[in-house]
Amino acid sequence: MVVLADSDTRWKWGVLTARRLAPDAAVDGLLLRGRATPTPRQLAEVGVAVDSLREVTTAEFLRAATAPGAYDMVVLACVGGAVQAMLHGLRRAAADGVASGAAASGGAASEGAASRGAAAAGAACGESAAGAAVGSGPDGELSARPVVVTGYVGVVYEKLTDGLLLRHGADLVLANSPFDADRFRAVYEGVGADAGSVAECALPFLEGTAAPAPAETGDGPFTVVFAVQPSVPAGRADRAYLLRRAVQHALRHPEREVLIKLRSKPGEHTTHIEELPYQKLVRKLPGGRDGANGGLPPNCRLVYGHMGEILDRARHTGGLLVTVSSTAALESLHRGVPTAVLTDLGVREALGNHYFTGSGCLASWDELDDGLLPEADEKWVLRQGVRGGDGFAAARDRVTRLVGRAASGGLPPLAPYYTVRTAPGYLPGILRRYGLEQDGSPGARSSTEAADGLGAAGRGAVRRVVREAARGAYRHGVQRVAPLIRKAGEL
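Residues numbered from 1 in each chain as written. Predicted model: local features only at pLDDT ≥ 70, side-chain atom pairs only at ≥ 80, totals over all residues. Heavy atoms only, no water.

## Quick look at the overall build of the protein chain
No. 1: When you go through the protein chain residue by residue, the secondary structure sums to 18 helices and 13 strands.
No. 2: For the protein chain, the computed accessible surface area is about 20500 Å², with 55% contributed by carbon and sulfur atoms. (Helix = DSSP H or I, 4+ residues; strand = E, 2+ residues; numbered from the N terminus. Areas by Shrake-Rupley, 256 points an atom, 1.4 Å probe, with all protein chains shown as cover.)

Dropping the structure here:
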């Protein structure tokens, strides 16, 4: 199987999901070239291994994923627009493959028989006959295409409908909890789309979802992990406030160690754009200086590294996780670490902490300063898929059955909700962004590059240099120029 990812966190989710769905299968990794393509340091920090790894364009991915006999399953671990584009590209590639095979063998089965076969296969795999019928005609043939899986990296608290419809059309759309599964199906059914693709599972980095053992108290100081986020909150004043409160907590509790867990280093990009890195904000603190920890007290420092290992450290010292709305909160709850979701800036949809209402985890820095250790509501935790049985059992079974059908009789065409008929003012722009025509075929530029030999060593080296320079200019604009322009506008 193959995983396509476009950022560090989605890479982690995609590879771990693939491992949970097919534990014994070989996994190849493809990184979609773009703004947030992870650096080697980010890949190493994520800590997931694959059998092979390379960076690709849309056209290169489609050629690799649809090569005859190449892969049984494709995991699309990308932003919604990229998923939608790849679904249309995979559909077009599968149709072209069927057409080529039919021509080579002297013709395909009749159009009516293909449509009936697609509907029957769709029903057997939990898909609606209506969804299969979308592909009736020459490109409605059953084909031995790979099973396509997609989903979300973590907490889904914004753009629910938009993101879900951009993922519609995959064979499986994974929901990370019973709560999410109900919401996903409601959205699909509400717009008249087939909801049979929704499959309940769990976040793949929650290895085993049984209730954790009681918190431990080991060697080392009580550890407070403040899991910051690249874009929540977005404003300088709010981010500076949270940083000051973390520092004040460290000063008030010199017996504790406060770790400000960072997602990326300056110049690196993650799933979300970080315009105001905490590494720069620490230098504005009283006593700040040039250096890694700026004006932080001795028991408070900036850290990188694997989130799971840092949370294990907090657990072993009887510690605490603090965040605004990071998915790290679910990892923390899974490990039995007391978890605080901050209310200092309000409980608002824009912050994402509204997702945690009812969790028992909402708290302010004032309460934490006074010694509060929040206790999670067990019913809420179970509903969010943080604990329970094997969250991937049902999804694993569906993948096995779909792969078997693909090998024996073929699968019907992918049938996204968005088409040039249902979204003529939206879909074409998404496809163009990823180099595809309205029918899902690669654009003229991609075709020309392929014909000229895209992998030529000299040309590839030049492209890499230009690409890195462009990324550097983009990051400089986001992190330095844009904030200055906004600040000037406020004067």
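## Digging into helix 8 (residues 178–190)
No. 1: For helix 8, spanning 13 residues, the distance from its first C-alpha to its last is 18 Å, which sits close to the expected 18 Å at 1.5 Å a residue.
No. 2: Next to the buried residues of helix 8 lie helix 7 (160–167), strand 6 (172–175) and strand 7 (198–200).
No. 3: Residue Gly192 follows helix 8 closely and has a positive phi angle near 80°. (Expected span 1.5 Å × (residues − 1). Contact = heavy atoms within 4.5 Å.)

## Examining the pattern of salt bridges
Any two side chains of opposite charge can pair, so long as their charged atoms come close to each other.
No. 1: Per the counting criterion, the structure on display carries 19 salt bridges.
No. 2: The residue Arg396 makes a salt bridge to Asp390 at a minimum N-O spacing of 3.2 Å.
No. 3: Residues participating in the shared-partner salt-bridge network are Lys12, Asp312, Glu331 and Arg335. (Salt bridge = Lys/Arg side-chain N within 4 Å of Asp/Glu carboxyl O.)

## Digging into the sheet that holds strand 10 (residues 300–303)
No. 1: Across the sheet, six strands lie side by side as 10-9-8-11-12-13; this open sheet has parallel pairing. Edge positions in the sheet fall to strand 10 and strand 13 (362–363), since each has one partner strand and no second.
No. 2: Summarising the sheet, strand 8 (residues 222–227) and strand 11 (residues 320–323) pair through four bridges and their orientation is parallel. Each residue of the ladder has a partner; that of Phe226, found in strand 11, is Val322.
No. 3: Its contacts with the sheet place helix 9 (residues 236–252) against strand 8, strand 9 (256–261), strand 10 and strand 12 (339–342), and it is angled at close to 160° to strand 9. (Pairing = 2+ DSSP bridges. Axes fitted to C-alpha atoms, helices over the stretch in contact; angles between N-to-C directions.)

## Comments concerning the packing of helix 7 against helix 8
No. 1: Contact geometry for helix 7 and helix 8: axes closest at 10 Å, N-to-C directions at 75°. Overall, the two elements helix 7 and helix 8 adopt an arrangement that is roughly perpendicular. For the pair helix 7 and helix 8, contact is made by Leu160, Thr161, Leu164, Leu165 and Arg167 and by Arg183, Phe184, Val187 and Tyr188, respectively.
No. 2: Residues belonging to the contact of helix 7 with helix 8 are distributed by class as follows: six nonpolar, one polar and two charged. (Parallel < 35°, antiparallel > 145°, perpendicular 65-115°, else oblique. Nonpolar A, V, L, I, M, F, W, Y, C, P; charged D, E, K, R; others polar.)

## Points about the packing of aromatic side chains
No. 1: Scanning the entire structure with this criterion turns up nine aromatic pairs.
No. 2: For the pair Tyr355 and Trp380, a centre-to-centre distance of 6.2 Å together with 85° between the ring planes defines the contact as edge-to-face. Within this pair, whereas Tyr355 is found in the loop between strand 12 and strand 13, its partner Trp380 is found in helix 14 (residues 378–383), the two being separated by 25 residues in sequence. For the pair shown, Tyr355 and Trp380 are each scored as buried.
No. 3: By the ring-pair criterion, three or more aromatic residues cluster together here, those being Phe179, Tyr355, Phe356 and Trp380.
No. 4: The positively charged end of Arg167 is found above the aromatic ring belonging to Tyr152, 4.0 Å away from the centroid. (Phe/Tyr/Trp six-rings, centres within 6.5 Å; stacked < 30°, edge-to-face > 60°. Buried < 20%, exposed > 50% of the residue type's maximum accessible area, 1.4 Å probe, protein only. Lys NZ or Arg CZ within 6 Å of the ring centre and 35° of its normal.)

## Structural notes on the sheet that holds strand 1 (residues 2–5)
No. 1: Strand order in this open sheet of seven strands is 3-2-1-4-5-6-7, and the pairing throughout is parallel. Two strands in the sheet have a free side with no partner beyond their single neighbour: strand 3 (52–56) and strand 7. The average undirected angle you get between the axes of adjacent strands in this sheet is 25°.
No. 2: As paired strands, strand 5 (residues 147–151) and strand 6 are joined by three bridges and run parallel to one another. When the sheet's bridge partners are listed, Val149 is paired in strand 6 with Leu172.
No. 3: Helix 3 (residues 58–65) contacts strand 1, strand 2 (28–32), strand 3 and strand 4 (73–77) of the sheet and is inclined by roughly 140° relative to strand 3.

## Details of unusual backbone geometry
No. 1: Following Val232, the chain continues to Pro233 via a peptide bond in cis, the omega torsion being -10°.
No. 2: On the secondary structure map, Pro233 appears in the loop between strand 8 and helix 9.

## Regarding the environment of Val191
No. 1: Note on placement: Val191 falls in the loop between helix 8 and strand 7.
No. 2: Along the chain, Val191 and Tyr417 lie 226 residues apart, while their C-alpha atoms are 9.1 Å from each other.
No. 3: Residues within four places of Val191 in sequence aside, it is in contact with Leu165 and Tyr417.

## Notes on the pairing of strand 11
No. 1: A two-sided burial pattern is seen for strand 11, the buried positions comprising Leu320 and Val322 on one face and Leu321 and Thr323 on the other.
No. 2: With three bridges connecting them, strand 11 and strand 12 associate as parallel partners. From the neighbouring strand, Val322 faces strand 12, where its bridge partner is Ala340.
No. 3: In this region the chain leaves strand 11, passes through helix 12 (residues 328–334) and returns to the parallel neighbour strand 12; the handedness of that crossover is right-handed. (Right-handed = clockwise from strand over helix to strand, strands pointing away.)

As far as function goes, none of this settles anything; it's purely spatial.
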